[in-house]
Amino acid sequence: MAVMPMKRISIYALKNRRKQILELIQRRGVVEIDDRKADETVFAKMDTVPAKSRFENNAAALQSALDALDKLEPPEKSLFASLNGRDAIPLSKYQETADGAGELLKIASRINTLWKKCADNRAEILRLQTQIRALEPWMKLDISMRTISTPTTSVFTGSFPVEYTEETLRAKIAEGAPDVDGVVVEILSASPQQTCAFLMCHISQGLKLETYLRSIGFMYPAEPSKVPPAERVDILNGRIAALQKEIDKNEAEIRTHKNRREDLLYTIDYFTMRTEKYDVLGRLWQSPHVFLITGYIPAENAEALKTELTTTQEAYVELCDPSDADDVPVKLKNNKFAAPVEGVLESYSMPGKHEIDPSGIMAVFYYFLFGMMLSDAGYGLVMVLGCGIILHKFKNMEEGLRKTLTMFLYCGISTIFWGILFGSFFGDAITVIAKTFFNTDIVIPPLWFTPVDEPMRLLLFSFLVGIIHLFAGLGAQFYQLAKQGKWLDAIYDVVFWYLLVGGAIIYLLSMQMFADMVALSFTLPASVGTAGIIAAGIGAVGIVLTSGRSSKSIGKRFLKGLYGLYGVSSYLSDILSYSRLLALGLATGVIASVFNQMGAMPGNNPLGVIIFIFAFVVGHTLNIGINVLGAYVHTNRLQFVEFFGKFFEGGGRKFAPFTTKTKYFKITEEK
């Protein structure tokens, strides 16, 4: 477990070497460039915002074109395509892409123009279809909806908010407007929410009829058609057909570029790299003839890069140790056992100044606790086989995903170990299958004990694991303080707590009452208990006297010491938190057994076999999914809250080198 030592690097070179040096540093990916201030009487920064914006816009235009092409001609991808990682391309391909970028931008612009026309046409089709739906209730009308009169008649085309038949509407008009006679009523369409109607009367009675109709909710159409509705619908359908024809034509032209998909991918990455380069370029200090790059580099890469820059680029390179005031980034380096949990650590925080990388010790407990929570050999075997096959088959997957799968592989191995200790293989599947379908008693005995039969035993073991875990965290704090030469702080903040908590535990183990309460089969000798209570007393006194040592006032120091001693309650709650090891371990086995019993209920017959297989596959799939997630979440919690709470504050900044942050391909150099 290690936080890699960093060096400060300063690179001075002639301005005509700027492009080559930046691209070399970008390909090596080992320098984090910072914005350290330089002498502004000599150096200045150039404005690269316009160029950077241009490259970003180019990349966005290419991505939009690619998205349009993918929607029309989806690329063939396997179910596990996301595991393949990025393909490697040689550096020479990068230069070829640069030469062809202009042509690809023209193609992308054409695709985007055609796609926008297609989108506009689809929107117009939706608008026209909405108009057609609005005209559907009026299709029986064979005149213009805007007709309001003839030389001798008044015409009313509109709707009512309730349902009418011709008879009921005539009756309502006769009752409400008895002085209006000779009204012609035709119902065009009717529904519980709306009645569309055509009405006509003599022109001399038009005003009276309109007044009454409005009083019962009559409304004219919001957008009346100039021509009969059926004719208008035919016109709209013709326009829709023309728009769809144009869409088909444009989409066909877009499809002709499907053989340029890979070129689009190359060029997107090309402009992404250029954007990153110009972002850095705008942060460099430059004079008319030279430029300066400053930043951080891992010590193990420093000399090699210095030699390369000096010999191939004629640059002058300075290396030095960072000062205490520097905001040094953090890069972790661990072995294959600990590296997989680095992602879990990073999700919490990177180590701060003077803190150790806890990945190594964290990995031991992480795999241990995860396996204990899942604790089924069958589930562990599924995890090991699944992760192992994927890791073996997909050699080129991204490093972050590879670490995560490796972590679950190790967790699966631990799960198999605990499943063997507890005698659980898909719950009691073997016993149930043997009894139900073969009328045979086969029992896989646990190598240690069965948690369901002895839950108190597992609970006590969980507390023991918790105590060891917490004490390991205190040990890490002791190491950090000792490494800084703070030996007294190590005694005050660690040793006294060891004495208090450890002594109290030893004293409890010497009490017969406590042993009876938790069903212990032993008690420590009284002399050992006495030694424990003495050690606890020494620890308590030490904590009271030293917890408030930062205060000058004796009274404040004493009160802070008492408050510090109150922190012993947090140890009690922390230890109790490890009861989740019991809870999740029991839940996995019990739920698995329930699914087995449910599947076996139909008995030994063809239908029973089918039902058992279905219940087994579905039930255990759900169980492993839920409990793997539960084990992951609660293992993280025990690390972040209980374990890290004893020594780890974090706050470090992750090392972010200037590198090729491409989306689709990895750049490799020809040898």
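Here, the structure is the one placed above.
J.: Which parts of the structure should I look at to understand the sheet that holds strand S4 (residues 153–160)?
T.: Adjacent strands of a sheet pair through backbone hydrogen bonds, lying either parallel or antiparallel. Here we have three strands laid out as an open sheet, ordered S4-S6-S5, and antiparallel in their pairing. Each having just a single partner strand, S4 and strand S5 (184–190) make up the two edges of the open sheet. Across the sheet, the axes of successive neighbouring strands diverge by a mean angle of 15°, strand direction being ignored. Inspection of the sheet shows S4 paired to strand S6 (residues 195–202) by eight bridges, in the antiparallel sense. Within S6, the position partnered with threonine 157 by the bridge is phenylalanine 198. Of the strands in this sheet, S4, S5 and S6 are in contact with helix H4 (residues 166–176), which crosses S5 at around 135°.

J.: How should the nonpolar core be read in this particular structure?
T.: Grouped burial of nonpolar side chains is what soluble globular proteins tend to show. Counting 61 residues, the largest nonpolar core has Met362, Tyr366, Phe370, Met407, Leu581 and Phe644 as its most contacted members. Mapped onto this core, the elements with two or more residues apiece are helix H9 (342–348), helix H10 (359–374), helix H11 (377–393), helix H12 (399–422), helix H14 (455–483), helix H20 (579–600) and helix H21 (606–643). The leading source of residues in this core is H10, at 10 residues. Of all hydrophobic cores here, the second largest spans 51 residues; its members include Leu62, Leu305, Leu309 and Phe665.

J.: Looking at this structure, I do not really get the pairing of S4. What am I missing?
T.: Successive side chains on a regular strand alternate, one facing one side of the sheet and the next facing the other. With eight of eight residues buried, S4 is to be regarded as a mostly interior element. Residues Thr153, Val155, Thr157 and Ser159 point to one face of S4 and Ser154, Phe156, Gly158 and Phe160 to the other, with burial holding for every one of them.

J.: Help me out: how do you make sense of the environment of lysine 19 in this one?
T.: Assignment of secondary structure puts lysine 19 in helix H1 (residues 18–28). C-alpha separation for the pair lysine 19 and lysine 277, spaced 258 residues apart in sequence, amounts to 9.1 Å.

J.: What is the right way to look at the packing of aromatic side chains in this model?
T.: Two measures describe an aromatic ring pair: the distance that separates the ring centres and the angle between the ring planes. Applying the stated criterion across every chain yields a total of 42 aromatic pairs. Centroid distance tyrosine 492 to phenylalanine 496: 6.2 Å. Interplanar angle 25°. Geometry classified as stacked. Of this pair, tyrosine 492 and phenylalanine 496 are both found in helix H15 (residues 487–509), four residues apart, which corresponds to roughly one turn of the helix. Since its relative accessible area comes to 22%, tyrosine 492 is described here as partly exposed. Here the aromatic residues Tyr348, Phe365, Phe640, Phe643, Phe644, Phe647 and Phe648 are joined through ring pairs into a cluster of three or more. Looking at arginine 8, its charged tip hangs above the ring of tyrosine 296, at a distance of 4.7 Å from the centre. Above the plane of the ring of tryptophan 115 lies arginine 122, whose end atom (NZ or CZ) is 5.0 Å from the centre.

J.: Please clarify how empty space enclosed by the protein should be interpreted in this entry.
T.: Empty pockets left among the atoms are what a rolling probe the size of a water molecule brings to light. Counted according to the given criterion, the structure contains two cavities of 30 Å³ or more. One number sums up the size of the largest cavity: a volume of about 60 Å³. What lines the largest cavity is Ile89, Tyr94, Thr97, Tyr266, Asp269, Tyr270, Met273, Thr662, Phe665 and Ile667. Elements supplying a minimum of two residues to the lining of the largest cavity: helix H3 (91–135), helix H7 (261–281) and strand S10 (665–668). Taken together, the residues that form the lining of the largest cavity break down as seven nonpolar, two polar and one charged. In this structure, the second largest cavity occupies an estimated 30 Å³ of space.

Calculation notes
- Residues numbered from 1 in each chain as written.
- Predicted model: local features only at pLDDT ≥ 70, side-chain atom pairs only at ≥ 80, totals over all residues.
- Heavy atoms only, no water.
- Pairing = 2+ DSSP bridges.
- Helix = DSSP H or I, 4+ residues; strand = E, 2+ residues; numbered from the N terminus.
- Axes fitted to C-alpha atoms, helices over the stretch in contact; angles between N-to-C directions.
- Contact = heavy atoms within 4.5 Å.
- Core = buried A, V, L, I, M, F, W, Y, C linked by side-chain atoms within 4.5 Å.
- Buried < 20%, exposed > 50% of the residue type's maximum accessible area, 1.4 Å probe, protein only.
- Phe/Tyr/Trp six-rings, centres within 6.5 Å; stacked < 30°, edge-to-face > 60°.
- Lys NZ or Arg CZ within 6 Å of the ring centre and 35° of its normal.
- 1 Å grid on protein atoms, 1.4 Å probe; cavity = no way out; pocket = protein on both sides within 12 Å on 5 of 7 lines; lining within 4 Å.
- Points joined across faces, edges and corners; volume = space filled by probe spheres on them.
- Nonpolar A, V, L, I, M, F, W, Y, C, P; charged D, E, K, R; others polar.

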